[in-house]
Amino acid sequence: MNTIQQLYKIRFLIIFSTFFITGCESWTDIDTDPDNITAGPAITEDIMLIGIEAEWVETANEKFETWYGYPTWLSWFAIEGSNAIVNVDPGFGNEVWNSYSYSLKHAVELHDFAEQNGNTYYQGIAGVIAAHHWFYIADVYDQAPLEQAMTGLENQQPELATQEELYAHASALLDEAINLFKNTDGGELLPGQDDYMLNGDIDRWVRFAYSLKARQAMRRIYAPGVDQDAQISAILSYLEKGMTSNEDNVMWRHLEDLANANPLYNYMTRAYSGGRGLTPGNFLIDMMNAYEDPRRPIMFTNAEADPNGYMGHFAGAAVQAGNRPSHYRFDYLSMSYPDHIMLYSESKFLEAEAYAFRNEWELAEIAMKEGNRADMEYMEVPQEQIISYNAQPSLDMPTNLEDAQQLIIQQKYLSNIFRTGETYFDYVRTGYPEFDFEYMIQNTNASTTFARRFPYPLNEIERNPNVSAVGQPDWFNKGTTWDNKN
């Protein structure tokens, strides 16, 4: 039983026990359908929140946790002795579209339910979660329905909103949440341990909301019609109010006693490597070796061919005994390895890139190195090694935007391995890191790029004329509206 199933079982048992204690008239009074939540004595915001958070992190991370596409393209993982699975077809990414009927839908239901009850902190938290979903949908589909898509049989052919409209909707939810967090007392019911992500700490939710605004504002830096100077000013103003330390990291912590709850750990045990764990790609290890990255001994085993060093793998190629590459350590990608939504280090890399757009090279370098420090401290790298890493001349900030952006995104990449989808979005947005797919992946079906957006599900093409009118995108050549750098 995975984490999601565990949480829904817990939720059902709590609902059942509450009805049992208060006395229900019949079995039909028990609410057992999470897709059709009805008000009752057992249905309160604190019961709903933890399940919605579990769905949220699953949707946010599913495309980045296995070898089915993105981790191979990003060189996080390189399958041994078997064809690397990097194909994209019309079924790819359906779980994001399906959030209309589960994770996003449930977040919106919690938002509306909490608003009705006057429990404004829950309303704000649900609004932030829903905003994250809307941004994700906009970033991978470009045009997609808004709330019409969550009305079920009432509207089976919802209209499509533009990416700009989706962003405006999500941004309004974030602004509403920030206002609720700052200007209300939360109502009669306040989040606590039921908020598994941030433990009911409303100040941390405020800071996360601002950092999320900065992330999404940077996403649109090359979008048509965007005033880059104004956009950078907005990003820096958001970051001033955003995450301030690793204590603000937003993540789902898995439990050691739930052996099947962490998907990454499950893949560690069945990674086609003879029980040695997941194998890092050659591009990733080459870059870490070039910087003599002190995170390597924490993350990886030594290579057989280089007992004092680290070696990645050409995805899909056979491995010869005596020449085995490095593997992720089981005590690193362990049963308790978290699902991440956003880390403080990302805020610092966003700040560094913003200063680079302003040609403020010294401030850009300081922020980038603070991002490196934040991630290394999160991983418990010794302080002297962090200082030595940041002092190397190869991390001196270039004094032109393109080279500075490349360096910042490279360092952000090294701080995001098996964390979030930001490496994918950064690559599509900026072209960095400059992956060499022919060097990285055997028999790749795209040697110059990987999918720059998600295809629409086939059933949507067939049954919704609003989707079929847009057509199926050429996802390897053109992404969404903000994919507009060149």
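Details of the structure are given in the entry above.
As the structure is a prediction and not an experimental result, all values here were calculated from the model.

### So, the overall build of the protein chain
The helix and strand inventory of the protein chain stands at 20 helices and two strands. Per-residue burial for the protein chain yields a buried fraction of 58% across its 486 residues. Considering only intrachain contacts with a sequence separation of at least 6, the fraction spanning at least 24 residues in the protein chain is 75%.

### Overview of the packing of helix α16 (residues 401-414) against helix α17 (residues 422-430)
The geometry of α16 relative to α17 is characterised by a closest axis approach of 10 Å and an angle of 165 degrees between their N-to-C directions. Regarding the angle of α16 to α17, the classification is roughly antiparallel. With respect to the hand of their crossing, α16 and α17 are arranged in left-handed fashion. Contact residues: Gln 405, Ile 409, Lys 412 and Tyr 413 in α16; Thr 423, Asp 426, Arg 429 and Thr 430 in α17. Residues belonging to the contact of α16 with α17 are distributed by class as follows: two nonpolar, three polar and three charged.

### Examining unusual backbone geometry
In this structure, the amide linkage connecting Tyr 432 to the following residue, Pro 433, adopts the cis form with an omega of -5 degrees. Note on placement: Pro 433 falls in the loop between α17 and α18 (437-440). At Ser 75, a position not held by glycine, the phi torsion is positive, near 70 degrees. Along the chain, Ser 75 turns up in the loop between α3 (70-73) and α4 (94-97). If you check the backbone angles, Glu 380 has positive phi at about 65 degrees while not being a glycine. Along the chain, Glu 380 turns up in the loop between α14 (361-378) and α15 (383-391).

### Observations regarding the nonpolar core
Ranked by internal contacts, the top residues of the largest apolar core, which has 143 residues, are Trp 134, Trp 205, Leu 278, Tyr 328 and Phe 418. Among the elements that take part in this core, helix α6 (residues 120-141) stands out by supplying 15 residues, more than any other. Residue contacts for Phe 418: discarding those within four places in its chain leaves Phe 64, Glu 65, Pro 71, Trp 76, Phe 77, Leu 264, Leu 278, Tyr 328, Leu 333, Tyr 337 and His 340.

### Notes on empty space enclosed by the protein
Per the stated rule, a full pass over the model turns up three cavities of 30 Å³ or more. One number sums up the size of the largest cavity: a volume of about 160 Å³. Ala 60, His 132, Arg 215, Glu 422 and Phe 425 are, among the 17 residues lining the largest cavity, the residues nearest its centre. For the lining of the largest cavity, the elements supplying multiple residues, two or more each, are α2 (45-61), α6, α8 (202-219), β2 (339-342) and α17. Residues that form the lining of the largest cavity fall into these classes: seven nonpolar, six polar and four charged.

### A look at the pattern of salt bridges
One pass over the structure, following the stated rule, counts 22 salt bridges. Close ionic contact of Asp 139 with Arg 219 constitutes a salt bridge, the shortest N to O distance being 3.1 Å. Separated by 80 residues along the polypeptide, Asp 139 in helix α6 and Arg 219 in helix α8 bring together distant segments of the chain. When its relative accessible area of 2% is taken as the criterion, Asp 139 is described as buried. Given a relative accessible area of 3%, Arg 219 falls into the buried group. Between Glu 360 and Arg 358 there is a salt bridge whose closest N-O contact spans 4.0 Å. Classification of Glu 360 as partly exposed rests on a relative accessible area of 28%.

### Things to note about helix α7 (residues 163-183)
The end-to-end C-alpha separation of α7 is 30 Å, in line with the 30 Å expected for 21 residues at 1.5 Å each. Against α5 (103-117), α6 and α8 lie the buried residues of α7.

### Examining the layout of surface pockets
What the largest pocket holds in volume is close to 420 Å³. Forming the boundary of the largest pocket are 20 residues, of which Tyr 100, Ser 101, Ala 149, Glu 460 and Arg 463 lie nearest the centre. With three residues, the top contributor of residues to the lining of the largest pocket is helix α19 (residues 458-463).

### Quick word on the environment of Thr 184
In this fold, Thr 184 is placed in the loop between α7 and α8. For Thr 184 and Tyr 121, which are 63 residues apart along the polypeptide, the C-alpha to C-alpha distance reads 8.0 Å. Thr 184 has contacts with Thr 120, Tyr 121 and Asn 179, leaving out every residue within four places of it along the chain. Among the polar contacts listed, one links the side chain of Thr 184 to the side chain of Thr 120, at a separation of 2.7 Å.

### So, the side chain of His 313
Checked against the element boundaries, His 313 lands in the loop between α12 (296-299) and β2. With a relative accessible area of 7%, His 313 lands in the buried category. With near-sequence residues (within four places) excluded, His 313 lies in contact with Ala 78, Ile 79, Glu 80, Gly 81, Thr 279, Pro 280, Gly 281, Asn 282, Ala 318, Val 319, Pro 325 and Met 440.

### Quick look at the packing of aromatic side chains
Inspection of the entire model under this criterion finds 42 aromatic pairs. One cation-aromatic arrangement involves Arg 295 over Tyr 389; the distance from NZ or CZ to the ring centre is 5.8 Å. For the cation-ring pair, Arg 453 lies above Tyr 456, with the distance from its terminal atom to the ring centre recorded as 5.2 Å.

### As for α8
For α8, with 18 residues, the first-to-last C-alpha span of 26 Å sits near the 26 Å given by 1.5 Å per residue. Among the 18 residues of α8, 16 are classified as buried, and the element is accordingly described as predominantly covered. The N-terminus of α8 is capped by Asp 201, whose side-chain oxygen sits 3.2 Å from the backbone nitrogen of Asp 203.

### Structural notes on the packing of α8 against helix α13 (residues 344-357)
For the pair α8 and α13, the least separation of the axes is 10 Å and the interaxial angle reads 45 degrees. Here α8 is positioned oblique relative to α13, judged by the angle of their axes. Classified by chirality, the crossing of α13 by α8 is left-handed. Between α8 and α13, the contacting residues are Ser 211, Ala 214, Arg 215 and Met 218 on the first element and Glu 346, Ser 347, Leu 350, Glu 353, Ala 354 and Phe 357 on the second. Here the residues of the contact of α8 with α13 sort into five nonpolar, two polar and three charged.

Thresholds applied
- Residues numbered from 1 in each chain as written.
- Predicted model: local features only at pLDDT ≥ 70, side-chain atom pairs only at ≥ 80, totals over all residues.
- Heavy atoms only, no water.
- Helix = DSSP H or I, 4+ residues; strand = E, 2+ residues; numbered from the N terminus.
- Buried < 20%, exposed > 50% of the residue type's maximum accessible area, 1.4 Å probe, protein only.
- Contact = heavy atoms within 4.5 Å.
- Axes fitted to C-alpha atoms, helices over the stretch in contact; angles between N-to-C directions.
- Parallel < 35°, antiparallel > 145°, perpendicular 65-115°, else oblique.
- Left-handed = near helix turned anticlockwise from the far one by under 90°.
- Nonpolar A, V, L, I, M, F, W, Y, C, P; charged D, E, K, R; others polar.
- Core = buried A, V, L, I, M, F, W, Y, C linked by side-chain atoms within 4.5 Å.
- 1 Å grid on protein atoms, 1.4 Å probe; cavity = no way out; pocket = protein on both sides within 12 Å on 5 of 7 lines; lining within 4 Å.
- Points joined across faces, edges and corners; volume = space filled by probe spheres on them.
- Salt bridge = Lys/Arg side-chain N within 4 Å of Asp/Glu carboxyl O.
- Expected span 1.5 Å × (residues − 1).
- Polar contact = N/O pair within 3.5 Å; in protein donor to acceptor, adjacent residues only side chain to side chain.
- Phe/Tyr/Trp six-rings, centres within 6.5 Å; stacked < 30°, edge-to-face > 60°.
- Lys NZ or Arg CZ within 6 Å of the ring centre and 35° of its normal.

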